[in-house]
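Take a look at the letters that make up each chain.
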Amino acid sequence: MEALVTSSKDRDPKTYNESNSLLHSICDFEFVYGLMVLKLILSNTDNSSRYQQGEQMDVITAKKTAHAVVKTLSNCRNEESFTQMWSHADVIAQKNQNRNRGDAKVPRTRPSRRLQGLTGETPAAVNDNSQQTAKDHFRITVYTSIDKVVSELQSRFEGNDQEVLCALGEIVFIHSPSINNIQTVSNFYGVDSEMLSGEKSIFENYDCGDPCQRKNAAVMVKTMHQNGLHDILPVLYKVASILAAISATSCSAERSFSARRCIKTFLRSTMGQDRLSSIAVINIKRKYANKTMQNDM
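- The protein carries the name HAT C-terminal dimerisation domain-containing protein in an unreviewed UniProt entry, which gives Pocillopora damicornis as its organism.

1. Description of the overall build of the protein
Consideration 1: Scanning the protein from N- to C-terminus turns up 16 helices and 0 strands.
Consideration 2: Looking at the protein as a whole, 31% of its 297 residues qualify as buried.
Consideration 3: Contacts in the protein between residues far apart in sequence, at least 24 positions, make up 66% of those at least 6 positions apart.
Consideration 4: Surface exposure of the protein reaches about 19800 Å², of which carbon and sulfur atoms provide 52%.

2. Focus on the pattern of salt bridges
Consideration 1: Tallied over the entire structure, the rule returns 4 salt bridges.
Consideration 2: Arginine 139 is the salt-bridge partner of aspartate 136, the closest N and O atoms lying 2.7 Å from each other. Taken together, the positions of aspartate 136 and arginine 139, both in helix α7 (residues 134-156) and 3 residues apart, correspond to about one turn of that helix.
Consideration 3: Here lysine 200 and glutamate 204 are joined by a salt bridge, their closest N and O atoms 2.7 Å apart. Here the residue lysine 200 and the residue glutamate 204 both occupy positions in helix α10 (residues 193-206), the gap between them amounting to 4 residues, near one helical turn.
Consideration 4: Its relative accessible area of 2% is what places lysine 200 among the buried residues.
Consideration 5: Several salt bridges share partner residues, and in doing so they unite Glu79, Asp136 and Arg139 into one network.

3. Quick word on the nonpolar core
Consideration 1: In this structure, Leu196, Met224, Leu236 and Leu243 are the most contacted members of the largest nonpolar core, which totals 27 residues.
Consideration 2: When residues of this core are traced back to their parent elements, those giving at least two are α4 (59-75), α8 (162-173), α9 (179-189), α10, α11 (217-226) and α13 (234-245).
Consideration 3: Residues within four places of leucine 236 in sequence aside, it is in contact with Ile171, Leu196, Glu199, Lys200, Phe203, Met220 and Met224.
Consideration 4: Phe82, Met85, Trp86 and Ala89 belong to the second largest nonpolar core, which has 22 residues in total.

Rules used throughout
Residues numbered from 1 in each chain as written. Predicted model: local features only at pLDDT ≥ 70, side-chain atom pairs only at ≥ 80, totals over all residues. Heavy atoms only, no water. Helix = DSSP H or I, 4+ residues; strand = E, 2+ residues; numbered from the N terminus. Buried < 20%, exposed > 50% of the residue type's maximum accessible area, 1.4 Å probe, protein only. Contact = heavy atoms within 4.5 Å. Areas by Shrake-Rupley, 256 points an atom, 1.4 Å probe, with all protein chains shown as cover. Salt bridge = Lys/Arg side-chain N within 4 Å of Asp/Glu carboxyl O. Core = buried A, V, L, I, M, F, W, Y, C linked by side-chain atoms within 4.5 Å.

Now the structure itself:
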């Protein structure tokens, strides 16, 4: 901001005009208020987005996280939150009052009378009582933004397979899953319901830890494999592996494309498919590759 103020006093006409234009846009109330809305939304969704991009994230945990974010954003959609944002934005705008700041205004919804006169149109009569105030306009803006984010999060986890996913999650995370959910998973994946119920009981009696400490399905699969339960409880291990393998996001596929772009450069244009695939796997799983190299060395 200070650099723009200094540049706005420059004698060069181009620097002077560009600096003043950018400074006027930054000091505008609408720009400041837009930053406040972005801060509200990103502060509630950024951590969840980063967490859902993890390799051990399963769809049930992602669904619970998304529902928590939806509930938090819905609670922010009230008059109290809007008043706090409005007051904060107004304080910031007041600090910029010596920098040609713009007050809160309602965007023009109809052509100006001068433009209507130039185009030959008859200026329409405006009813002052029906005009929207600036505060009402910005209130609608923040509510609409929150509603869009909430609807997008809700639509990501809607579908016909939600019943099966919830049944899988209950079998993996709940101590005593219901018979209906066990039967649902049994019919969908073709496993024996009695064996699944029995192996679940055996696992709960064997595992003395608190079921709430299981962060996700990958942790349960790892625990069963480390204790040799994948051979003793094959049906339960299969169900837990299915839940752990269901991708919650498309981050894995995106990482693959990003890795290929970094590997097959212009200087490596003659690289064969087998070598490219092998290097891509090493690059994507470089965490395990580095451990292997350190152990070998």
